[in-house]
Structures are given as structure tokens and as C-alpha cells.
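# Fold and contact review
Listed here are the chains, written in short residue letters.
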Amino acid sequence: MNPSLRGPLLAKAKRVVVKVGTRLLTHEKGGFAPDQLQHVVDQILELRAEGREVVLVTSGAVGVGMGILGHATKPKQLAEKQACAAVGQIRLIHAYDEAFSRAGVGVAQYLLTAEDFRDPERFGNIRRTTEALLRHGVVPIVNENDVVGTAEIKVGDNDRLSADVCHFLEADVLVILSDIDGLFTANPKTDPAATLIPIVAKVTPEIAALAGGEGSIASTGGMITKILAAQTVTESGSACVIANGFTASLSQILAGSSVGTLFLPCGQKLGSRKRWIRFVSTPKGKVVLDDGAVAALTQRRVSLLPAGIRKVVGSFAAGTVVEMTTLRGRAVARGVTNFSAAELTHIAGHPSGEFSELLGRSVPQEAVHRDNLFLL
Ligand code: GLU
């Protein structure tokens, strides 16, 4: 891409998700840094003054809590980490509230888990609540609900969380601010020849391989979680910028200045439902398709009919997300099924004219309607 197009792409972004990493809100040796938080807030206020809507995803609860509870390094024990998050979160949100209210701007607090995103109803509720708050001019401030987080229900890191927020919001751009300048050709901390990559057209395995593990004493993610977040949002048609929050300002980034790494949107912008099916939901079962059905889905972009289903794997209710695979097990699509696993097993391979008799009621013709289907 011609670098001069960077400006127009970012300048027209109306809806922005800003993710702020722990390092930006704490001192290098740990402990809350309120001045740095004020700096973040000032920049968000600037974006709002430019007419943009901003949702903030903030880390820092554990990092701030470590300072309060006297931990020099991140505690290993889960309960202790969660205790840090609980005391840190309240200090953090209080500081945000004070800083924004000095400018007459209200804030709202969200503490979410992966389960809240995976459930379509909760996902929809979060989206509608956010729309309402944005209409009121409030800045929603999102963090993971670390206190209840166990492996199964955790989003895990706030890079992923910020991508999920970008999905329900159908945001134009996700800006991930941390203490590194962007994506480099090699790890800049160990390789002096490493150079910053200004623009990434597509997150390929080669690009993902450039992300070495790193992080500070209180941070969770590294470059790889940022790249994965960039991948899901760009594949949904949003842009993503990874930049250094100490040296670059949000206004500068959104004016299209050559700072950080810009990940270009690939493909058309998807609505939140398609994004949910593709990137947020967890498939609960699998249907194995015959070759004809695979060809129809991938080449003609039609709905999946039960006639093309060879096998149903797992137990699921109507309305859940299933994965569609080839006979050899390669995943080709994901979508919301109109039937339960038991019903699908019953009608698999049959033409639609027989469904009412087989199931004893009138039902849709499609196993998965194409509006609820996403090709992988
Ligand atoms: N939720 C964690 C916190 O507030 C941060 C997780 C992350 O930075 O990825 O400390």
C-alpha cells in the first residue's frame, strides 16, 4: 500500500477501540503511575474532540494491585493475582473516573469474561449497552473480570479482549498501545539490526513468526497476542495499529502519521453477528459434509442443506455454532445450525421434502442458512 493512503484510512475512522497495556499505567519497577494515566486520558479526550467515539480497554489492575499489596513481582498463585486485580481495578477505575470527570466526561466500567462474549445473548447485550453509553457521550472502560477467571472462562489477555470489543462494536480501528514501537523484523531488544515494519497488508504465518515473546514484570500478553488480535480484526475489515504509547499520541496515529505498525483491513467490513460466528463463538459440534456440499458452500456461497451432511459429531441444540468439515476433517465453515444434533442426524442425507414427515413439524430447509454461515 502507498503510505500516503494511511492518512485517509485512519482519519475517517469514527469508532475507535484503544487498548492500553499495563506498562503504560505503571512505573518500570512497578506501582501505579497516575500521571501516565492522565496522559492516556488526555489523548482520548483529543480523539473525542475530533468527533470520534472511543471505547477504552485497559489493563493494569493486576499491576496497580501488586503495588498496593506489596508484590515486587507478579505473584504465581492465582488467588493472589486475583486479589491484586480486585484491589487494583478499583484504584484504576477511580483514577479514570476522576481524570475524565475533570473534563466533564462520564465513564462506565465493564468487567467481562470469555463466557460473556461466547454467549450470543450476552454479546448482544454488551453491544446494545455500549451503543446506549456512546449515545450519552460516556467512555466505556473495559477490563477482564480477573477475580472470577479460571482457565475455561478467561479471555486470557487484553489484546484478545480488545479484539472482541472491536468485534461487537464493529469499530473502524483498534489501537493497541504498549511500550514497544510496533512490529519489528526481529526482536529489537536483542537484535540491533531489527527495523520497524510500518505497514502489514495481511497477517501471514511469517508475520506471526516475527513476534517473539516479551513483556514487562506485570504485563500478560506479548507481541504474539497483539498480532493475533490484529489478525482477527483486520480479517473482519477493521484496521489495527500497534504503537508505543510513551512516544506516539493517539491523535498522531489517527492522523495517519508514520508511527507504529498499521495492519490494513483485508476484505469487506463485517457486521457484529458474522464476527461473532467467525471469531468469538466456540463451536459446540461438527458436521461432516460430502464433497458436493463442500463445493457448493465454497464455490457458490449457498446455505448448507441437510442433504449434504454425512455425519453429525457432538451433542448440541438448535441455534448453536457448529463447524463444517470435509470428509477428511478439514474445517471449511462455521455457522449457526437451525437444528439440534439429534434432528440433524435424523434428516442428514435426506431431501428437504421429507423433513416435515421425519421430524413431525414444519422446519426450515437449510441446516445452516448462508446469512449465518462463515467460510474459513
Ligand atoms: N486484566 C489484566 C489486568 O488488568 C491484564 C491482562 C493483560 O494485560 O492482557 O491487569
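Residues numbered from 1 in each chain as written. Predicted model: local features only at pLDDT ≥ 70, side-chain atom pairs only at ≥ 80, totals over all residues. Heavy atoms only, no water.

## Quick word on the nonpolar core
- Core analysis: the biggest nonpolar cluster contains 47 residues, and F117, I227 and F263 have the highest contact counts within it.
- By residue number, the principal contributor to this core is helix α8 (residues 158-169), which donates six residues.
- Those residues in contact with F117 that lie beyond four places of it in its chain are L112, F123, V155, L161, D164, V165, F168, W276 and V280.
- Counting 43 residues, the second largest nonpolar core, distinct from the first, contains F32, V62, L92 and V241. (Core = buried A, V, L, I, M, F, W, Y, C linked by side-chain atoms within 4.5 Å. Buried < 20%, exposed > 50% of the residue type's maximum accessible area, 1.4 Å probe, protein only. Helix = DSSP H or I, 4+ residues; strand = E, 2+ residues; numbered from the N terminus. Contact = heavy atoms within 4.5 Å.)

## So, the sheet that holds strand β10 (residues 309-313)
- Taken in spatial order, the five strands make up an open sheet running β10-β9-β11-β12-β13, and their pairing is mixed. One side of each edge strand has no neighbouring strand; the edge strands of this open sheet are β10 and β13 (373-375). Each strand axis lies, on average, 25° off the axis of its neighbour in the sheet, ignoring direction.
- Here strand β9 (residues 285-289) pairs with β10 via four bridges, running antiparallel. When the bridges of β10 are listed, V287 appears paired with V312.
- Sheet strands in contact with helix α12 (residues 272-280) are β11 (321-325), β12 (331-336) and β13, and its direction is about 130° off that of β12.
- Together, β9, β11, β12 and β13 form the strand contacts of helix α13 (residues 291-300), whose direction differs from that of β9 by roughly 105°. (Pairing = 2+ DSSP bridges. Axes fitted to C-alpha atoms, helices over the stretch in contact; angles between N-to-C directions.)

## Focus on the site of the ligand
- For the ligand, the set of nearby residues contains nine residues, the closest of which are S59, V62, N143, D146 and N158.
- In this structure, an oxygen atom belonging to the ligand sits 3.0 Å away from a main-chain N or O atom of A61.
- A distance of 2.6 Å is found between an oxygen atom of the ligand and a backbone nitrogen or oxygen belonging to N158.
- Notes on the ligand: free accessible area 300 Å², of which the protein chains cover 96%. (Near = heavy atom within 4 Å. Polar contact = N/O pair within 3.5 Å; in protein donor to acceptor, adjacent residues only side chain to side chain. Areas by Shrake-Rupley, 256 points an atom, 1.4 Å probe, with all protein chains shown as cover.)

## Brief notes about the packing of helix α7 (residues 120-135) against α12
- In contact at an axis separation of 12 Å, α7 and α12 are set at 130° when each is read in the N-to-C sense. Taken together, the axes of α7 and α12 lie oblique to each other. With respect to the hand of their crossing, α7 and α12 are arranged in right-handed fashion. Seen from α7, the contacting residues are P120, F123 and R127; seen from α12, they are S272, W276 and V280.
- Here the residues of the contact of α7 with α12 sort into four nonpolar, one polar and one charged. (Parallel < 35°, antiparallel > 145°, perpendicular 65-115°, else oblique. Left-handed = near helix turned anticlockwise from the far one by under 90°. Nonpolar A, V, L, I, M, F, W, Y, C, P; charged D, E, K, R; others polar.)

## A short note on helix α4 (residues 61-69)
- Those residues of α4 not exposed but buried are A61, V62, G63, V64, G65 and M66.
- Check the buried side of α4 and you find it contacts α2 (22-25), α5 (78-102) and β4 (139-144).
- Immediately beyond the C-terminal end of α4, within one or two residues, lies G70, with a positive phi of roughly 80°.

## Notes on the pattern of salt bridges
- Under the definition given, this model contains eleven salt bridges.
- Put simply, K226 and D159 hold a salt bridge, and the shortest N to O gap is 3.3 Å. Here K226, found in helix α10 (residues 223-235), pairs with D159, found in helix α8; they are 67 residues apart in sequence, far enough to count as distant. Each member of the pair K226 and D159 is classed as buried.
- In this structure, D164 engages R160 in a salt bridge whose closest nitrogen and oxygen atoms are separated by 3.6 Å. Of the two residues, D164 and R160 are both situated in helix α8; the distance of four residues between them amounts to about one turn of the helix.
- D164 gets classed as buried once you look at its relative accessible area, which sits at 3%.
- Owing to a relative accessible area of 36%, R160 belongs among the partly exposed residues under this scheme.
- When salt bridges with common partners are traced through the structure, they connect R15, E53 and E131 into a single cluster. (Salt bridge = Lys/Arg side-chain N within 4 Å of Asp/Glu carboxyl O.)

## A few points about the packing of aromatic side chains
- Summed over all chains, the structure comprises five aromatic pairs.
- A ring pair is formed by F117 and F123, whose centres lie 6.5 Å apart and whose planes are at 65°; its orientation type is edge-to-face.
- For the ring pair F117 and F168, a centre distance of 6.3 Å and an interplane angle of 25° mean the geometry is stacked. Placement of the pair is F117 in helix α6 (residues 114-118) and F168 in helix α8, with a sequence separation of 51 residues.
- With relative accessibility at 1%, the residue F117 sits in the buried group. (Phe/Tyr/Trp six-rings, centres within 6.5 Å; stacked < 30°, edge-to-face > 60°.)

## With respect to the sheet that holds strand β3 (residues 107-112)
- Taken in spatial order, the eight strands of this open sheet run β3-β4-β2-β1-β5-β7-β8-β6, and their pairing is mixed. Edge strands, defined here as strands with exactly one partner in the open sheet, are β3 and β6 (199-200).
- With five bridges connecting them, strand β1 (residues 15-20) and strand β5 (residues 173-178) associate as parallel partners. Residue pairing across strands places V17 opposite L174, the latter belonging to β5.
- Packing of α7 onto the sheet brings it into contact with β1, β2 (53-58), β3 and β4, and relative to β3 it is tilted by some 165°.

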